[in-house]
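Breakdown of the fold
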Amino acid sequence: MAKLAKFSDPAHVIAQSVRSGQTSASDVCQKYLAEIGKKDDQIGAFLEVTTELALAQAAAVDATVAAGGDPGPLAGVPVAIKDNMCIEGIPTTCASDILGKWQPPYTATAVERLISAGAVVVGKTNLDEFAMGSSTENSAFGPTHNPHDLTRVPGGSSGGSAAAVAAGLVPVGLGSDTGGSIRQPASLTGTVGMKPTYGRVSRYGLVAFASSLDQIGPLTNNVHDAALVYQAMAGSDPRDATSIPDSGDDVMASLTDGLAGLKFGVIKEFSDGEGFEPEVLASFRRTLDKLDALGVEIVEVSLPSVEHALSAYYLIAPAEASSNLARFDGVRYGLRVDPGADVETMNRATREAGFGAEVKRRIMLGTYALSAGYFDAYYAQAQRVRTLVINDLAKAYSQADVLCSPTSPTVAFKLGERMDDPLTMYMSDFCTIPSNLAGHPAISLRCGEDPQGLPIGFQVLAPALGEALMFRAAAGVEAAVGERIA
Amino acid sequence: MTITRDDVIHVARLARLELNEAEVEMFAHQLSDILDHADKIETADTSGVEPTAHPIALANVLREDVVRESLARDVVLAQAPAQEDNCFKVPRILE
Amino acid sequence: MVPSEKTIEFEPVIGLEVHAELKTESGMFCSCRNEFGGEPNTRTCPVCLGLPGSLPVINKQAVELAMRFGLAVGSEIGRAIFHRKNYFYPDMPKDFQISQYDEPICRGGTIEALDSQGETFTVQLERAHLEEDTGKSRHVGGGGGRIHGATYTLVDYNRSGVPLLEIVSKPDIRNPDQARSYVAELRAILEMLEISDVKMEEGSLRVDANVSLRPKGDSKLGTKVEVKNMNSLRSLQRALEYEIGRQKAVLASGDSIAQETRHWNEDEGRTHTLRSKEEAFDYRYFPEPDLVPIKPDQAWIAQVAETVPAQLPAARVRYFVEEYGVPAELAGSVIYTKDMADWVESEIAAGADARSSFNWASQEVLAFMNDSAIDFVDVNLPVGSFVELTELISVGTLSKKLARNVVADVLRAEKHGTGPQEIVTQQGLAQVSDTDEITSLIREVLDNNLDAVEKFRAGNDKILGFLVGQVMKASRGKANPNTANSLVKQLLDNSAAG
Ligand SMILES: [Mg+2]
Ligand SMILES: [Zn+2]
C-alpha cells in the first residue's frame, strides 16, 4: 500500500518563525513548492501550481518583515485553494470543462483575507466538479488519490485540498462545505476540516453550488491551525448580503480553555446502526471513553428529523445548483460548442459537452424539483425540514454544550467503488448534512484509524455562532486522542 | 416517483441539456431512484412549520446607492467565446 | 335557439404591466453606473455580468423609490423577498432574473386617472415589485434589426442590472382610451415622484397588456392574451384597439381565443403570435438564497413618506379645475409636465391670470418644448413672466393675441432671463390706446378706402369690420381693437351726418 501521508510543520509555527524573522517566507515557499513538485504526480491534489504568484507573495511578506512590519498571523504560510474560489488572473475551473480557460477578474473575499494575513497561495486544488460529490472522482481532470492509500479516494468534494494537507504538500488548504465537503475529506485523509456558521465567511468569489448551504472553511493538520485560518477569514463582507455581522469572538483564546465543565451530546442516530463501518463506530467510542476518563460528561441526544435530512439536502442543493449553473451557457465566457443552428442548440450542446455526469444528474434533479407543480412538495418541504432539524438541534443543545458523532460512516473507499451508485455515494454525507441544513459550525478531526491504517474522523458540532466553543471542544478532543502518527 | 423518458426529455430541455439516448435512459432510472428516496420527505410532519431559507435571520442588508468603477471592456470581452462590434455574439435566437 | 352572436355585446377587460427603470445612481444589485445607452459593454461588473462567484447586494435607494411609489398610491408596504425567475435568454447573464414573486415590496394601491373626456376612473393595483433589467440584443441579418430572419445576435450588457419597478394593475381597465390615460397618469406619477425618467422611446417605461373579452355583464374573465412591444402611448392605444377588434372577430366567428403572447407590430398595425401557452416558460420560481428579506419598519416608512407629495397628478388636475375653473383637459395638459405645473402654479399664486397661464403653458410653452425637444428646466421663462403678462394685458398695453406672441418671443429670446416687459420694450409692441393716434390712422384708412365708405353710407353695415381690420393692419396690430372699433364707427357716423 503506497503511503504518502506526512505532516507539514504546523501553520502557526511557520507563521511565528516568519514573523520573527527566523525563517524567510521565500524559503518556506520554495520548500513546499519542491514538495509539491516531488509528490503531486502521484496524488493529483493540484490542478494548478501558482509558482509565480506564490514567490511574489512570499517576497512581499519578507519585505514587510525586513521593513520591521508585521505581515500578519499567517505570515509566509503556504495555502492551497480549492479551485472553485476565484483569484484574479488565475484560471478557475471548478474541475469542469465548461469553464474553459475562464480567468476571474477578481479575488474571493476569503482568499483576499488570507493573503492580507500573510498567507502565500501556492496553487489551486482538485475537487468534484462544481463541488458535487464525495470522492473527488467527479473531476474533469481526473481523480485525486488519498495519501494514506493511493488506491483510495480522499473524499470530497474538497479532496484536493485535503489530500494536499494530508501529504504535507501544504500546511493549509481551503475548502468549501455544502453537505460535508470539507469535513468528510478531512475524515478520510486524517486532517482537520472545519465548516463555519453560515455567513461567518464571505461567499463572494466562491463559485456557488448551493447558495443557502455553501461555506468556505480550512483544512489543516491541527485544530489550532484551523482556528487561526478561520479567524483570518471570518467577518462580515459588504459584497455578501448573507454574511453576518462580526461578533468579536476570539476563537484563539478559547483554544486553551480545556474541556472542564463541557457536556458532550452523542447523536444517537449517528452512533449506531446501518451504514456505519464497525471500525468507525469502535474508534468513535474509544474516543468517547478517553473523554469520559478525563471526566467529561457525556449524554445521548436524539435528532429524529435527520431521517429526512438527506432527502432535504438532495432536494435543496440540486434545486439551487440547477439555477446557479444556468449561467454556463456558452454566451459570455468558458466553453462554447456551436453546432451552427440557433442559440438554444448552442446552449444545449455546450452544457452537454461541458458538464460531467454527476453535475447533469443534479441539474436534472433540481430542475425537476423546481418545475411547475413540485416546488411546494420538494423545495418548500425541504426548507421546512431545515426548520425541524434546527428545532431538534436546539433541543439537543439544551441537554449538551456540543454534540459529536463520527464524521463519515466509512473510511476512505476504493477509487471507482461508488461511481455507479449515486445513492450510496450520497450516504457519505449522512452525518455532516445536518450542520449545513441548520447553518451551524462543525469540525472533523482524526480520532484513530482502522487496522489498515485508514484515518477515522470525529465530528464536533456546535450551535450557530458557537465557533469558539466548537474550537475549544475540538482542541480538547485532539489532546485527549493524543500523539498522532502520520 | 417514477420519472419517464418523456419527463427526462422535458426537464433536459428546461435545463438546456442535450442528453444522448444512453443518458436519457440512465437518468430516467437514477432520478426515479433518487426521488423515491426523496419522496419520503412528504412524511415529515411539517404542519405549522415555517420554512428556513437562511439559518441566521438577517433583514435589510442593503448597499448605499454609490457608483463604483466598472470592469474594463477588453477584460470583459477577452473571455467571450465570440464577439463583434464590442458585443457578445451569439447564434440567432428563435422566438 | 342559440342567441345570435350579434346580440352579445363584448366588454374588453385589460390589465397592464408597466416596467419603469428607476432613477438611481447605480444598479439594482451592483455598483455600475445606471444610465442610458453608451458604448456597449462599458458598464459591467462581475455581478451584473453574472460571473461565477459574484453575489448581488440590494440597492437601498431602489427600495426607497419603490416604497415612495407605493406610499403615493396607497399600497401596503411590508416584508418583501426576492425570488429567482429561471429561464434561459442570452441577454440575461445569470439565465435567471432576480425579481419578486409572492412577497413584493408594494401590495395593492389605487391609481386615479382622467380619461380623454375628463372623466375620473380608478384602477386597483395588484402589486409593484422590484427586479433587475436585462441586457440589450441587436439582431443582425434580419429585416430592420428584427429577431425574425436574423442570422445572429449581438448582446450589450450595459442595461443588465438596472433597477426596475414593475407595476401590475388589476384587470380594471375597460377600453384603450382608459389604458392610455392610466399609463399617462402612472408616467406623471413616476415623473412627479422622481422615480423614473419615464421615456417610453428610450425604454425606461415599458408596457405589456393582458387583454380579454367577456360578454357584457359577466363577471367571469375570458381567455387572456398578452400583448407586448408597445413603444408609445399611441402604439399602446392602437395595439389594444387592434387586439380587441381581433378578439371580437374571432369570437363572432364562433371560435375561441387562444391563450398566448402576441407581439405588436407598429408598422403593420397588427399583433401576431409570439408564443402559445404550450410553449410558455416554466419559470421555476424559488426564493433568492443570496439575499435576505427587506423588512421596512414604521420609522423607515415614515422617513420615505416625507418624500411623497400631497397630491398626485389626477388629484391636482381636479384641484385646478375646482380652484381656477379651467377645463380639465387644459389643466391636464400642463400638470403632466411636473416642473412646468409647479412653475405655473407659483405664477398663479403670484397674481397671474389662471386661465391665460394655463393657455400659454399648454399652447406656446409645450409646443416650443416639443419643437426644440428640451425639458422645462431648460426653457427661458423667468419667474414672474406670466404675472407680468397679466399686468400688461390688464393695463391695456397688450392684447391677448399680442400676449401670446410675446410668450413665444420670450421662449426664443437669445438672452436667457429676458422677460415679457423687456420684449415689449425691445420690439415697441405696446398696444396703442391713445385716441388721437388711432384717430389719425382711421382718417388715413377712410381716405384710402372711399369705396368702402360709400358702401357704408349706402347702408352696408358689414363693411365696418373690413375698415376696422384695415386700421389694425395699419397699426401693425398695436391698436387697441375695442378703441379702434368705436372710433371708426364714431368717425363714419360723424361724416355721414356731415
Ligand atoms: Mg417583470
Ligand atoms: Zn455591474
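Below or above, wherever it landed, is the structure these notes cover.

Procedures and definitions
Residues numbered from 1 in each chain as written. Chains lettered and ligands numbered in written order. Predicted model: local features only at pLDDT ≥ 70, side-chain atom pairs only at ≥ 80, totals over all residues. Heavy atoms only, no water. Donors = N, O, S within 2.8 Å, 3.2 Å for Na, K, Ca; no water. Tetrahedral: all angles 85-135°; square planar, octahedral: opposite > 155°, others 65-115°. Helix = DSSP H or I, 4+ residues; strand = E, 2+ residues; numbered from the N terminus. Axes fitted to C-alpha atoms, helices over the stretch in contact; angles between N-to-C directions. Parallel < 35°, antiparallel > 145°, perpendicular 65-115°, else oblique. Left-handed = near helix turned anticlockwise from the far one by under 90°. Contact = heavy atoms within 4.5 Å. Buried area = accessible area lost by both parts, 1.4 Å probe. Salt bridge = Lys/Arg side-chain N within 4 Å of Asp/Glu carboxyl O. Phe/Tyr/Trp six-rings, centres within 6.5 Å; stacked < 30°, edge-to-face > 60°. Buried < 20%, exposed > 50% of the residue type's maximum accessible area, 1.4 Å probe, protein only. Lys NZ or Arg CZ within 6 Å of the ring centre and 35° of its normal. Polar contact = N/O pair within 3.5 Å; in protein donor to acceptor, adjacent residues only side chain to side chain. Core = buried A, V, L, I, M, F, W, Y, C linked by side-chain atoms within 4.5 Å. Pairing = 2+ DSSP bridges.

Residue and element names in this part refer to chain C. At this site the zinc ion (ligand 2) is bound by C30 (SG), C32 (SG), C45 (SG) and C48 (SG), with donor distances of 2.3 to 2.4 Å. The site at the zinc ion (ligand 2) holds four donor atoms, and with the angles between them running 103 to 116°, its shape is tetrahedral. Along the chain, the residues donating to the zinc ion (ligand 2) fall in the pattern C-x1-C-x12-C-x2-C. One end of the pair, C32, is in the loop between β1 (10-21) and β2 (58-59); the other, C48, is in the loop between β1 and β2, with 16 residues separating them in the sequence.

Turning to the packing of helix α12 (residues 435-448) of chain C against helix α14 (residues 463-474) of chain C, a few remarks are in order. Residues and elements named next belong to chain C. Where α12 contacts α14, the two axes come as close as 9 Å, and the packing angle between them is 120°. As far as their axial angle goes, α14 and α12 are oblique. Read as a crossing pair, α12 and α14 show a hand that is right-handed. Contact residues: L441, I442, V445 and L446 in α12; L467, Q470, V471 and A474 in α14.

The next thing to look at is the interface of chain B and chain C. Taken together, the contact pairs 31 residues of chain B with 54 residues of chain C. Summing the contributions of chain B and of chain C, the shared interface buries around 3,600 Å²; its carbon and sulfur component is 58%. Here chain B and chain C share three salt bridges between them. As a salt-bridge pair, C:K60 and B:E64 come within 3.9 Å of each other at their nearest N and O atoms.

Glancing now at the packing of aromatic side chains. Going through the model one piece at a time under the given rule, you end up with 29 aromatic pairs over all chains. With centroids separated by 4.9 Å and ring planes inclined at 85°, the aromatic side chains of C:W343 and C:F386 adopt a geometry described as edge-to-face. Of the two residues, C:W343 is situated in helix α7 (residues 338-349) and C:F386 in helix α9 (residues 385-394); the sequence distance between them amounts to 43 residues. We classify C:F386 as buried; its relative accessible area is 0%. The structure contains a cluster of three or more aromatic residues connected by ring pairs, namely A:W102, A:F130, A:F328, A:Y333 and A:F355. Its end group placed over the ring of C:Y152, B:K89 keeps NZ or CZ at 4.3 Å from the ring centre.

Our focus in this paragraph is helix α6 (residues 328-335) of chain C. Those residues of α6(C) that fall on the buried side of the exposure criterion are C:L330, C:A331, C:G332, C:V334 and C:I335. Residues of α6(C) that are buried sit in contact with α5 (313-324), α7 and α8 (354-372) of chain C.

Going from A:G156 to A:S157, the amide bond is cis rather than trans, its omega being 10°. Looking at the element boundaries, A:S157 is found in the loop between β3 (120-125) and α5 (159-166). With a phi angle near 70°, A:L465 is a residue other than glycine that sits in the positive phi range. Positionally, A:L465 belongs in the loop between β11 (455-461) and α16 (467-481). The backbone of C:V198 sits at a positive phi, close to 45°, despite the residue not being glycine. Locating C:V198 in the fold gives a position in the loop between α2 (176-192) and β12 (205-215).

Let us now look at the side chain of A:N324. Along the polypeptide, A:N324 turns up in helix α10 (residues 306-324). A relative accessible area of 3% means that A:N324 is categorised as buried. For A:N324, the side chain forms a polar contact with the main-chain oxygen of A:F209, separated by 2.9 Å. A distance of 2.8 Å separates the side chain of A:N324 from the side chain of C:R84, its partner in a polar contact.

Now for the nonpolar core. Formed by 179 residues in total, the largest nonpolar core has its most connected members in A:F130, C:L16, C:F69, C:I105, C:L130, C:I167 and C:Y182. Sorting elements by how many residues they give to this core places α10(A) first, with eleven residues. The next biggest cluster of nonpolar side chains, apart from the first, holds 92 residues, and it includes A:F46, A:I182, A:L219 and A:I443.

This next bit is on the pairing of strand β6 (residues 215-220) of chain A. If a strand is regular, its side chains alternate between the two faces of the sheet. All names here are of chain A. β6 sits mainly inside the fold: six of its six residues count as buried. By the bridge criterion, six bridges tie strand β4 (residues 172-177) to β6 in an arrangement that is antiparallel. Paired with G173 across the strands is L219, a residue of β6. By the bridge criterion, two bridges tie strand β5 (residues 192-195) to β6 in an arrangement that is antiparallel. Looking at β6, one finds that G193 is bridged to L219.

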